[in-house]
Every structure is written in C-alpha cells, then in structure tokens.
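Structural overview for review
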Amino acid sequence: MEKKNLDWSNIGFSYMTTDKRYVANYKDGQWGPGELTSDSTVVLNECAGILQYCQECFEGLKAYTTADGSIVTFRPDLNAERMMDSAAWLEMPPFPKERFLEAVDQVVKANAAWVPPYGSGATLYLRPYMFASGPVIGVKPATEYQFRLFVTPVGPYFKGGAKPLTLCVSDFDRAAPHGSGHIKAGLNYAMSLHASVLAHEAGYDENLFPDSATRTYVEETGGANFLFITKDHEVVTPQSGSILPSITRRSLVYVAEHYLGLKVTQRPVKLSELSEFAECGLCGTAAVISPVGKIVDHGKEICFASGMDEMGEITRKLYDTLTGIQMGTVEAPKGWIRKIV
Ligand SMILES: *Cc1c(COP(=O)(O)O)cnc(C)c1O
C-alpha cells in the first residue's frame, strides 16, 4: 500500500476528503447492514430532523501508525459506548457497539493510505456521527436515522512545541445542571460558537465555562476537560454532571495513578482555588493535553507556576506516557489498543 503524497508534518487540522466512509441507515425500527461508499455527500429531505430540531450526536477518535508499523486505534470501545449514551439521551436508536467497532476497522483499513506515517506527528482523525434523517415537523424524535463515519488526516497539534494557552472565564453558559453537557452533541457546540468567537476576538485561546447554576465551580472549555496539578504533585479533575466524560482525561487519570504513582482526586473545583494549582492542562483527543499558562477571570489574572513557555513537569510526564502508549513505545494497559492492520 502506497501512502498518499502529503506533507504530513504540515497538513494542519482541517477536513480533507478521503477515499471511503461508512454509512448505515435506521428505518422501520432497525439498523440496516451498512457499507463503505466513495460518496462524501449526504442527501437529505428538507424536513429531516437534524435540519429542523438538531437531533445529532458525534464522536472523535484517532488512528495511529505505531513504532512497529501497525495501524491502531485507541480505546474505540469507549467512544462506541459514549455514543450510545449520547444517542439514548437524544431519543435516537443507539448504534450497536460491535458494529461501531467494525465500522472503525473497515474505514481505517479502506483509507490506510491516508494514515500518517510513524514519527510524522500527524494522525488519522475519525469522525463517527449520527443524525435524524427522517422528516419531522411536529416536535418529536424522527423515525429514520443515519450513522456515518469518515476519516481525515490531521497534522501535529503542537507545531514547534506546545505553547501554553490563555483562557478567559466566560460570561456565557455551556450546559445547564440537568441539561446536555454530558453528551457529545453538535447542539452543545452550536451554542458555544458565539462565546468562542468573542473570546478569540478578545485575544484568548479558549473559554473556561463555570457551572451555570452558581458560576463558582470549574466545568470545562466546551471541547476539553480540565486537569490540575497541585504543588505536591497531586492530580485534580473537576467533578460535575454537566461535563463531557473525556476519554483522554479518564486515560490520563489511569496513567497518573498506575504509571506515575500520583494521587488523583476527582472533586468539585472552585474558581477561587485556581491560583493554588501549579499546573493546568486541557484534555481531549485532538491535543491529548494542551498546557494552560494563564486564566483571566474578569480582569484578575491567574498565572500557573509552569509559566507561558512550556508544559509543566507533571503535565509533560502525563503527555509523554499517554502518547507513548498510543504510539506503541510504552506498554499499554490491556484492551486499550485495537490493532487494525
Ligand atoms: C469530545 C469532548 C471532550 C474531549 O473528550 P475526548 O474523549 O478526550 O476526546 C471534552 N469536552 C467536550 C465537550 C467534548 O465534546
């Protein structure tokens, strides 16, 4: 198999049409067989539930070329399960886990030429998603759905080293206490765009969304979970029912405990205690961990001891260990790596 002729280290993070994607349709109360297709377009009825009432959820994961030349994915079973949870919450028929895993294998295999080579820093991003394809005009769940999975190669997230980010505490709410914050759905992103554009215009990299009820606790950024390190090297992650359960964060917590021997606590984290932490990072599939150097809370600057030049010491260890597991240079816990080719 010959790789596509791309400048792998410089492809950035944008959509590229690849060779094959997977499609399955839900109709008459069941999921149809599903197949790979070369057609990258979706044709929908004008009244499709996704277009009118936003019934949609998605996932994001990556395929990597490991040091020994294999192509693998990282914990895709957790993406499958999380997507089933998201779908159920949106009154959509969950796409079965085994079929999700098969779709991942099929699409990655069919696009093996698009999987960036080991050492390039680039990876293959997988985007599974499902939406209401059947028409609905009265507000209710649709009766027809489509599951799709496409892939696109993405460049190294940190070109020329990880620069710490500056965040601002947002005046907008991301998720209500008993709302949709814990599911991975496009609707949570649509309403975050305004806050995100304003933050960027004001010179910030991301928003920190506090809890909507009291605005005193740290939730997440709307695309990544927080991870803090105390001065005594304890790992702290915020607890809340409206945070999306990041697979990267859960994996880093395991790495902290079982590989680095660190104490980990998951608990509500107050905005007022941020200045007591030594390091701060954002966890998600795209970057694994992005270091945060500064958080601005309405004019008050909270600067982490790790500074604005590089990742903190513990953040770096967590990052190196987890990316080592993904790239096959550090032994993985049982069941974390799914070999495809
Ligand atoms: C996807 C996502 C994350 C990160 O989750 P990972 O499984 O680590 O990629 C965090 N927050 C939100 C809102 C998300 O949608």
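In the block above lies the structure referred to throughout.
First, a word on scope: everything that follows refers to the structure included in this document. Small disclaimer: the values here were computed from a predicted structure and weren't measured. Note that residues are indexed from 1 along each chain, following the sequence as it is written. Only residues with pLDDT of 70 or above have their local features reported here, since the model is predicted, and side-chain atom pairs are shown and tallied only from 80 upward, although totals for entire chains, interfaces and linings are computed over all residues. Only hydrogens and water are set aside when side-chain values are computed; all heavy atoms of the structure are taken into account.

This next bit is on the overall build of the chain. In DSSP terms, a helix is any run of H or I states spanning at least four residues, a strand is any run of E spanning at least two, and both are numbered starting from the N terminus. Secondary structure summary: the chain contains seven helices and 18 strands in total. Atoms counted for the radius of gyration: C-alpha only. Globule rule: 2.2 Å times the number of residues to the power 0.38. Taken over the C-alpha trace, the chain has a radius of gyration of 20 Å; the compact-globule value for 341 residues is 20 Å, and the two agree within 12%. Referenced to the eigenvectors of the C-alpha coordinate spread, the extents of the chain come out at roughly 55 × 50 × 35 Å. Only protein chains enter the accessibility calculation, which uses a 1.4 Å probe. A residue is then buried if its area is under 20% of the maximum for its type, exposed if over 50%, and partly exposed in between. Counting over 341 residues, the chain shows a buried share of 54%. Partitioning the contacts of the chain with sequence separation of at least 6, the portion at a separation of at least 24 is 73%. By the counting scheme adopted, Arg and Lys are positive, Glu and Asp are negative, and His together with the chain ends is not counted. Here the site of a charge means atom NZ of a Lys, CZ of an Arg, CG of an Asp or CD of a Glu. Within the chain, the 39 negative side-chain charges are centred at a point lying 3 Å from the centre of the 32 positive side-chain charges. The contact rule is simple, with two residues in contact once any of their heavy atoms fall within 4.5 Å.

This part takes up unusual backbone geometry. The phi torsion at arginine 75 lies on the positive side, around 50°, for a residue other than glycine. Counting through the fold element by element, arginine 75 comes out in the loop between strand 6 (71–74) and helix 2 (76–89). Of note, histidine 233 is a non-glycine position whose phi angle comes to about 65°, a positive value. The residue histidine 233 is located in the loop between strand 12 (225–229) and strand 13 (235–238) in this model.

On to the side chain of threonine 123, then. Along the polypeptide, threonine 123 turns up in strand 7 (residues 123–132). Excluding residues that lie within four positions of it along the chain, threonine 123 makes contacts with Lys62, Ala63, Tyr64, Pro116, Thr152, Pro153, Val154 and Met327.

So, on to the environment of lysine 317. Topologically, lysine 317 is positioned in helix 7 (residues 313–327). Here the alpha-carbon distance between lysine 317 and valine 255, two residues 62 residues apart in the chain, equals 9.6 Å.

By convention in these notes, a residue is near a molecule or strand provided one of its non-hydrogen atoms lies within 4 Å of it. Around the ligand sit 15 residues, and of these Lys184, Tyr189, Ser246, Thr248 and Thr285 come closest. Here an oxygen atom of the ligand and a backbone polar atom of isoleucine 247 are 2.9 Å apart. Take threonine 248: an N or O atom from its side chain is 2.6 Å from an oxygen atom of the ligand. Cavity means a closed set of points on a 1 Å grid over the protein atoms alone, one where a 1.4 Å probe fits but cannot get out, pocket means an open set with protein on both sides within 12 Å along at least 5 of 7 lines, and lining means a residue has an atom within 4 Å of a point. Any molecule with more than half of its atoms within 2 Å of a cavity's or pocket's grid points is regarded as sitting in that cavity or pocket. The cavity where the ligand resides is the largest pocket. Polarity classes work like this: nonpolar for Ala, Val, Leu, Ile, Met, Phe, Trp, Tyr, Cys and Pro, charged for Asp, Glu, Lys and Arg, and polar for all others, with Gly in that last group. A breakdown of the residues in the shell around the ligand according to their chemical character gives four nonpolar, seven polar and four charged. Under this definition, polar contacts are N or O atom pairs within 3.5 Å; protein pairs additionally need one hydrogen-donor-capable and one acceptor-capable atom, and for neighbouring residues in sequence, both atoms have to be side-chain atoms.

Let's shift gears to empty space enclosed by the protein. Grid points are joined across faces, edges and corners, and a volume is the space filled by probe spheres set on the points. For the structure shown, the criterion picks out two cavities of 30 Å³ or more. Forming the boundary of the largest cavity are 14 residues, of which Tyr64, Phe74, Thr248, Thr285 and Gln326 lie nearest the centre. For the lining of the largest cavity, the element with the highest residue contribution is strand 5 (residues 61–65), accounting for three residues. Classifying every residue of the lining of the largest cavity gives six nonpolar, six polar and two charged. Put simply, the second largest cavity is a space of about 30 Å³. Along its surface, the second largest cavity is lined by Pro164, Glu279, Cys280, Pro291, Val292, Gly293, Ser306, Gly307, Glu310, Met311, Gly312 and Thr315. Only strand 15 (279–284) and strand 16 (288–297) provide two or more residues apiece to the lining of the second largest cavity.

This brings us to the layout of surface pockets. Over the atoms a probe the size of a water molecule is rolled, and this reveals where empty space is left. Of the volumes computed, that of the largest pocket is approximately 1100 Å³. Lining the largest pocket are 45 residues, and of these Tyr189, Gly222, Gly223, Ala224 and Ala286 lie nearest its centre. Of all elements in the fold, only strand 7, strand 8 (145–154), helix 4 (186–190), helix 5 (193–201), strand 10 (206–210), helix 6 (247–258) and strand 15 reach the threshold of two or more residues within the lining of the largest pocket. Considering every element that reaches the lining of the largest pocket, the biggest residue donor is helix 5, with four residues. Counted by class, the lining of the largest pocket contains 20 nonpolar, 18 polar and seven charged residues. In this structure, the second largest pocket is lined by 29 residues; those nearest its centre are Gly121, Thr123, Tyr319, Thr323 and Met327. For the lining of the second largest pocket, the secondary structure elements donating two or more residues are strand 5 and helix 7. It is helix 7 that contributes the most residues to the lining of the second largest pocket, six residues altogether. Here the lining of the second largest pocket is built from residues that sort into 15 nonpolar, twelve polar and two charged.

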